[in-house]
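Architecture at a glance
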Amino acid sequence: MTRRYNTGMEIFTVDAFTDRPFSGNPAAVCLVRSQLAGQVDEARMQAIAAEMNISETAFVSEQRGGTFESGTKFSLRWFTPTCEVPLCGHATMATSAVLFNAVGNLNSQLEFVTQSGTLKAAKNGDYITLDFPLNPCVPEDTATQQDLIKQVVGDLPVSEVEFSPTTGKLLVRLSNEVGREELEGFKPNTAGMLQVQQKKVRGVIVTMTGKGAVHDAASGLEYDFLSRYFAPWVGIPEDPVTGSAHTVLASYWSRRLGKTEMLARQCSPRGGFLRVTV
């Protein structure tokens, strides 16, 4: 879907991390052409993101001397309905898809200058590959986060808790006896999460091994790990499929599984899958 505001700016909506309609994670992508740059300030970006009212709205801008049709390097910012965020995977994927497929940029690789550094997107046949930084997590004292964990997963057993200091994401691994149905079925207490007195956590990843969770029934291919992601502190009660969370998950599960290539499923109601290489 494409919208055009009175500034002349085109806005697309794209479902990322999925191969079917009405699943994956929707993002809005706003094309800020060079002649419009002075009309689209931070306040306007935030107002548009609030109007779109989906987890992230991306604003991609042409850089000097380049156009969306022919350029290879652009600036990129992401806004939730309530604030700007430093990294967003699915909105970067959506932006890449708009430039490659809707705008018709024929370059094989694009670069985006962001708050998190320069990110790369490459077109590989029908797929788009994102090159994102890893954000490792370190062990966290479970007792210090006990109240928050209780608000998120209730009485589900937890085997490990780690924290990613670069992203502010808390990783909560459920015990191996927990099944996929339980991961998909629990309902976090969002209001309770916001009431817990803590300052450093900006999002909670709940994850578990993917053993027994089949991606492709024909081949019997299983997921390596499953997850859900919650970030009410930035206006996202639950994110459908989260690229930035997988910069943490990829590091964690690569260590635990001893693998560099993994298949992941985010088990939100919309759901989506990612192929991850470390």
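Residue positions within a chain follow its written sequence, with the count starting from 1. In view of the model being predicted, local features appear only for residues whose pLDDT reaches at least 70, and side-chain atom pairs are presented and counted only at 80 or more, with totals across whole chains, interfaces and linings using the full set of residues. Calculation of side-chain values draws on the structure's entire complement of heavy atoms; hydrogens and water are dropped beforehand.

The subject of this paragraph is the overall build of the protein chain. Numbering of helices and strands runs from the N terminus; a helix is a DSSP stretch of H or I covering at least four residues, while a strand is a stretch of E covering at least two. Scanning the protein chain from terminus to terminus reveals six helices and 19 strands. Throughout, the radius of gyration refers to the C-alpha atoms, and the reference size of a globule is 2.2 Å times the residue count to the power 0.38. Here the protein chain has a C-alpha radius of gyration of 19 Å; the compact-globule value for 278 residues is 19 Å, and the two agree. Dimensions of the protein chain, computed from the C-alpha atoms along their principal axes, are close to 55 × 45 × 30 Å. In the protein chain, which comprises 278 residues, the share counted as buried stands at 53%. When accessible area is computed with a 1.4 Å probe and restricted to protein chains, residues below 20% of their type maximum are described as buried, those above 50% as exposed, and intermediate ones as partly exposed.

Our focus in this paragraph is the side chain of Thr-114. Along the chain, Thr-114 falls in strand S7 (residues 109–114). By relative accessible area, which is 12% here, Thr-114 ends up buried. Looking at Thr-114, its side chain comes within polar contact range of the main-chain nitrogen of Ser-116, at 3.0 Å. Here the side chain of Thr-114 touches Gly-117 through a polar contact of 2.7 Å, landing on its backbone oxygen. Apart from residues no more than four positions distant in its own chain, Thr-114 is found in contact with Leu-76, Trp-78 and Leu-119. Within 3.5 Å is the distance limit for a polar contact, defined as a pair of N or O atoms, with the added protein rule that one can donate a hydrogen and the other accept it, and that residues adjacent in sequence qualify only through two side-chain atoms. Contacts between residues were defined by any pair of non-hydrogen atoms, one from each residue, lying within 4.5 Å.

The rule for pairing is simple: two strands pair if DSSP sees at least two bridges between them. Where strand S10 (residues 138–139) and strand S11 (residues 158–164) come together, two bridges link them in antiparallel fashion. Directly across from Pro-139, in S11, lies its bridge partner Glu-162. Direction of pairing for S11 relative to strand S12 (residues 169–174): antiparallel, over a ladder of six bridges. Considered in S12, the bridge of Val-158 is made with Leu-174. Here S11 hands over to S12 after four residues, with Gly-168 in that stretch at a positive phi of 75°.

What follows covers helix H3 (residues 146–153). Within H3 the residues assigned to the buried category are Leu-148, Ile-149, Val-152 and Val-153. Down the axis of H3, the buried side of the element spans an arc of 105°, and every buried residue falls inside it. Residues of H3 that are exposed and point more than 90 degrees away from the buried face comprise Gln-146 and Asp-147. Packing partners of the buried residues in H3 comprise S11, S12, helix H5 (190–195), strand S13 (203–209) and strand S16 (225–231). At the C-terminal side of H3, Gly-154 shows a positive phi close to 65°. What the arc measures is the spread of directions leading from the helix axis to the C-beta atoms.

Its volume calculated, the largest pocket comes out at about 1000 Å³. Looking at the lining of the largest pocket, the elements with two or more residues in it are strand S2 (10–16), helix H2 (89–103), strand S9 (127–131), helix H6 (243–257) and strand S19 (272–277). Taken together, the residues of the lining of the largest pocket break down into 17 nonpolar, nine polar and six charged. Two kinds of site are reported from a 1 Å grid over the protein atoms alone, namely cavities, where a 1.4 Å probe fits but cannot get out, and pockets, open sets with protein on both sides within 12 Å along at least five of seven lines, and residues are called lining when an atom falls within 4 Å of a point. For the second largest pocket, the lining is made up of 25 residues, of which Pro-86, Leu-87, Thr-167, Lys-169 and Ser-244 are closest to its centre. Residues are grouped as follows: Ala, Val, Leu, Ile, Met, Phe, Trp, Tyr, Cys and Pro are nonpolar; Asp, Glu, Lys and Arg are charged; all remaining types, including Gly, are polar. Residues of the lining of the second largest pocket, tallied by class, amount to eleven nonpolar, nine polar and five charged. Grid points are joined across faces, edges and corners, and a volume is the space filled by probe spheres set on the points.

On to the environment of Thr-260. Its place among the elements puts Thr-260 in the loop between H6 and strand S18 (261–266). Distance from Thr-260 to Leu-249, taken between C-alpha atoms, is 12 Å for residues eleven residues apart in sequence. Among all residues touching Thr-260, those that are not within four sequence positions of it are Ser-254, Val-276, Thr-277 and Val-278.

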